[in-house]
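Chains, contacts and geometry: an overview
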Amino acid sequence: MKNFIYILLLGLFIYSCGSTRNRNLGDSQINEDTVRIANDSLEYEIIIIEPGFNLFINSIARPEGYYSQQYLENKNRFLVSEYNQRVSQPQIYNPDLYLQEINYNPSIDYGYEVNYLLYNYFVFFSRHYNQKFSVPTRI
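Residues numbered from 1 in each chain as written. Predicted model: local features only at pLDDT ≥ 70, side-chain atom pairs only at ≥ 80, totals over all residues. Heavy atoms only, no water.

1. Observations regarding the nonpolar core
With 29 residues, the main nonpolar core has Phe53, Tyr83, Tyr98, Tyr116, Phe122, Phe125 and Phe133 as its most contacted residues. Looking at this core, the element that brings in the most residues is helix H5 (residues 112–128), giving 11 residues. With residues near it in sequence (within four places) discarded, Tyr98 still touches Tyr83, Arg86, Val87, Tyr93, Phe125, Gln131 and Phe133. (Core = buried A, V, L, I, M, F, W, Y, C linked by side-chain atoms within 4.5 Å. Buried < 20%, exposed > 50% of the residue type's maximum accessible area, 1.4 Å probe, protein only. Helix = DSSP H or I, 4+ residues; strand = E, 2+ residues; numbered from the N terminus. Contact = heavy atoms within 4.5 Å.)

Right, here's the structure in full:
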């Protein structure tokens, strides 16, 4: 009886180790890596589709409230400007990285969440693709 319990526990242990082998992360991973923020009254929308960005936001990035909104707006003003310049220069910068201009107007109050996610996107982008901006992006 004692040996039966040991064999049963060993079998459960082996089964639990092998149960995570066949994980299908296709569509679920894409949906998890899409961040969408929309506000119809201000007529803006941000969609970030970047593999690994949600993981970055939830595990590496500073928590919401760490930076002030003014700090984030100042950083985003310069980062968006430089990013858009790189989009318009595909002969110098990789057009596969700089796909589309970001329409960011510094005179509009987008709120904290938009500025927080936009800044952290630039931090993620610079770390993940080893891109350097003139304004430091650090955590």
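Having put the structure on the table, let's press on.
2. Focus: unusual backbone geometry
Positive phi is not limited to glycine here, since Asn130 has a value of about 55 degrees. Structurally, Asn130 can be placed in the segment after H5. Residue Asn130 is classed as exposed on the basis of its relative accessible area, which comes to 57%.

3. A word on H5
Over its 17 residues, H5 runs 24 Å from end to end, which matches the ideal 24 Å to within 8%, given 1.5 Å per residue. Buried residues dominate H5, accounting for 14 of its 17 residues. Just beyond H5, the residue with positive phi is Asn130, at close to 55 degrees. (Expected span 1.5 Å × (residues − 1).)

4. Focus on the environment of Ile102
You can see Ile102 is positioned in the loop between helix H4 (69–87) and H5. The spatial distance from the C-alpha of Ile102 to the C-alpha of Val87 is 9.3 Å, given a sequence separation of 15 residues. In contact with Ile102, other than residues within four places in its own chain, are Val80, Tyr83, Asn84, Leu118 and Phe122.

5. A closer look at the packing of aromatic side chains
For the structure on display, the rule yields 19 aromatic pairs. With a centroid separation of 5.1 Å and 55 degrees between ring planes, the pair formed by Tyr83 and Tyr98 is classed as tilted. Placement of Tyr83 in helix H4 and of Tyr98 in the loop between H4 and H5 is noted, with a sequence separation of 15 residues between them. The residues Tyr83 and Tyr98 share a single accessibility class, namely buried. Ring geometry for Tyr104 and Tyr110: centres 5.1 Å apart, planes at 25 degrees, overall stacked. As far as burial versus exposure is concerned, Tyr104 and Tyr110 are alike and both buried. An aromatic cluster is defined as three or more aromatic residues linked by ring pairs; in this entry it consists of Phe53, Phe56, Tyr83, Tyr93, Tyr98, Tyr121, Phe122, Phe124, Phe125, Tyr129 and Phe133. Geometry around Tyr66 places Arg62 over its ring, the cationic atom sitting 4.6 Å from the centre. (Phe/Tyr/Trp six-rings, centres within 6.5 Å; stacked < 30°, edge-to-face > 60°. Lys NZ or Arg CZ within 6 Å of the ring centre and 35° of its normal.)

6. Focus: the side chain of Gln131
Position of Gln131 among the secondary structure elements: in the segment after H5. Given a relative accessible area of 16%, Gln131 falls into the buried group. Among the polar contacts made by the side chain of Gln131, one reaches the main-chain carbonyl oxygen of Tyr129 at a distance of 3.0 Å. Setting aside anything within four residues of it in sequence, one finds Gln131 in contact with Arg86, Leu97, Tyr98, Phe125 and Ser126. (Polar contact = N/O pair within 3.5 Å; in protein donor to acceptor, adjacent residues only side chain to side chain.)

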